[in-house]
Amino acid sequence: MNREPLLGAARTFRTVRTVLGDVPPAALGVCDAHDHLFLSSPRLPGQELRDAAAATAELTAFRAAGGGSVAQWTPYGLGRRAADLPLLARAAGVHVVAATGLHQAAHYTPEFLDRLRGRLADVFVSELTEGLATSGVRAGFVKVAGGFHALDAYARWTMTAAAEAHHATGAPVAVHLELGTGALDVLDLLCGELGVAPESVILGHLNRCPDPVTHRQAAESGAYLAFDGPSHANHATDWRMPDAVRELADAGYGDRLLLGGDTTTAGARSVNGGPGMPYLLRRVRPRLELTLGEGLVERMLTANPQRAYAVGWA
């Protein structure tokens, strides 16, 4: 497969690839930049997100709170239910941006991963340009994952494939940072060694490791920094998020910041009594507005994700 970088002229018209087709970035409206509608993993037994009716209800509740779009970070092999995503998007009136990519190795069997050896980049490119499996629903970005303060051989394999897919299509690369760590190692690999444009990288879970020095260094690169995860009871750092965001904004990086909910278990959904997707707009947004002002928070929910997920597709 030819993976020569796209010519600059081909990237002048940028759109966001949703499950209903490519749309202008402004069509996203208020965006939950990192969440999940469907997710199944052996690491979360009994808490799988498999119920389509519950997913529709959750997305509808998010819409009622003012939401316009959701980036679903569920990658290849973790129960994305791609064929159901357009139905949900239409029913709730919310744009959904789906992911290709791979999570950490612990989420898969060795046999599953062995079948992808030698063809991982081809899979990512196919899902970005043709569709997820046989659904015809195209992904809008690649999601990969680092380890705790480190990048092992597996992470380098998946990120190398993600970089190849980026160079072939222009697609953003979103990265799960384990407990918010390893951001600079990820940037060294993706942007330094593999040539991914920093503005095409989204670093997830910065709220889980509230280190202002690392945050600023990551922002200086030009990458997007996602503060995502208020639905996680075991990550009690959200109270520090306003200060972390304010430091970055005061340093001139307010245009690099994203917000997301990252609902990963059935019990965390609002329709099951948890905070879920609406919590991002119902509680997190006004809390941040008290500290940061409405203008910055509005940018974090609209203009910033609209740029982060926009691509000049081939």
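Higher on the page you've got the structure.
What counts, and where the lines are drawn
- Residues numbered from 1 in each chain as written.
- Predicted model: local features only at pLDDT ≥ 70, side-chain atom pairs only at ≥ 80, totals over all residues.
- Heavy atoms only, no water.
- Core = buried A, V, L, I, M, F, W, Y, C linked by side-chain atoms within 4.5 Å.
- Buried < 20%, exposed > 50% of the residue type's maximum accessible area, 1.4 Å probe, protein only.
- Pairing = 2+ DSSP bridges.
- Helix = DSSP H or I, 4+ residues; strand = E, 2+ residues; numbered from the N terminus.
- Axes fitted to C-alpha atoms, helices over the stretch in contact; angles between N-to-C directions.
- Parallel < 35°, antiparallel > 145°, perpendicular 65-115°, else oblique.
- Left-handed = near helix turned anticlockwise from the far one by under 90°.
- Contact = heavy atoms within 4.5 Å.
- Nonpolar A, V, L, I, M, F, W, Y, C, P; charged D, E, K, R; others polar.
- Right-handed = clockwise from strand over helix to strand, strands pointing away.
- Arc of directions from axis to C-beta.

Things to note about the nonpolar core
And step 1. Within the largest apolar cluster, 83 residues are counted, with the highest numbers of intra-cluster contacts made by Leu102, Val175, Leu203 and Phe227.
And step 2. Ranked by size, the runner-up nonpolar core spans 17 residues in total, among them Val16, Leu28, Ala174 and Leu258.

Some points on the sheet that holds strand β4 (residues 69-72)
And step 1. The sheet built from three strands is open, its strands ordered β3-β4-β5 with parallel pairing. Every interior strand has two partners, whereas the edge strands, β3 (31-35) and β5 (95-97), have only one. Ignoring which end each strand starts from, the neighbouring axes of this sheet average 20° apart.
And step 2. As paired strands, β3 and β4 are joined by three bridges and run parallel to one another. Bridging across to β4, Asp32 finds its partner in Val70.

Considering the packing of helix α9 (residues 278-292) against helix α10 (residues 294-301)
And step 1. Contact pair α9 / α10: the axes reach a minimum separation of 7 Å and the direction vectors enclose 140°. As the angle between them shows, α9 and α10 are arranged oblique. Crossing handedness for the pair α9 and α10: right-handed. Contact residues: Leu280, Leu281, Arg285, Leu288, Glu289 and Leu292 in α9; Glu294, Leu296, Val297, Glu298 and Leu301 in α10.
And step 2. Across the contact of α9 with α10, the residue classes tally to seven nonpolar, no polar and four charged.

Looking at the pairing of strand β9 (residues 201-204)
And step 1. Neither face of β9 is open: one carries Val201 and Leu203, the other Ile202 and Gly204, and all of them are buried.
And step 2. When strand β8 (residues 173-176) meets β9, the two strands line up parallel, connected through four bridges. From the neighbouring strand, Val173 faces β9, where its bridge partner is Val201.
And step 3. Following the backbone out of β8, through helix α6 (residues 183-193) and into the adjacent parallel β9, one traces a crossover that is right-handed.
And step 4. Taken together, the two bridges between β9 and strand β10 (residues 224-228) define a ladder with parallel strand orientation.

A closer look at α10
The periodicity of an α-helix, 3.6 residues per turn, causes residues three or four positions apart to be oriented the same way.
And step 1. Burial in α10 covers these residues: Leu296, Val297, Met300 and Leu301. One face of α10 carries all of its buried residues, which in axial projection span an arc of 135°.
And step 2. On the buried face of α10, the contacting elements are β3, α8 (241-250), β11 (257-260), α9 and α11 (303-308).

So, the sheet that holds strand β7 (residues 141-145)
And step 1. Pairing is parallel in the open sheet, where six strands are placed in the order β6-β7-β8-β9-β10-β11. Only two strands of the sheet have a single partner each, and these edge strands are β6 (99-101) and β11. Averaged over all adjacent pairs, the angle separating strand axes in this sheet is 30°, with direction ignored.
And step 2. Note that β10 and β11 share four bridges and pair parallel. Considered in β11, the bridge of Leu225 is made with Leu257.
And step 3. Helix-sheet contacts for helix α4 (residues 120-129) involve β6 and β7, and the interaxial angle to β6 is about 165°.

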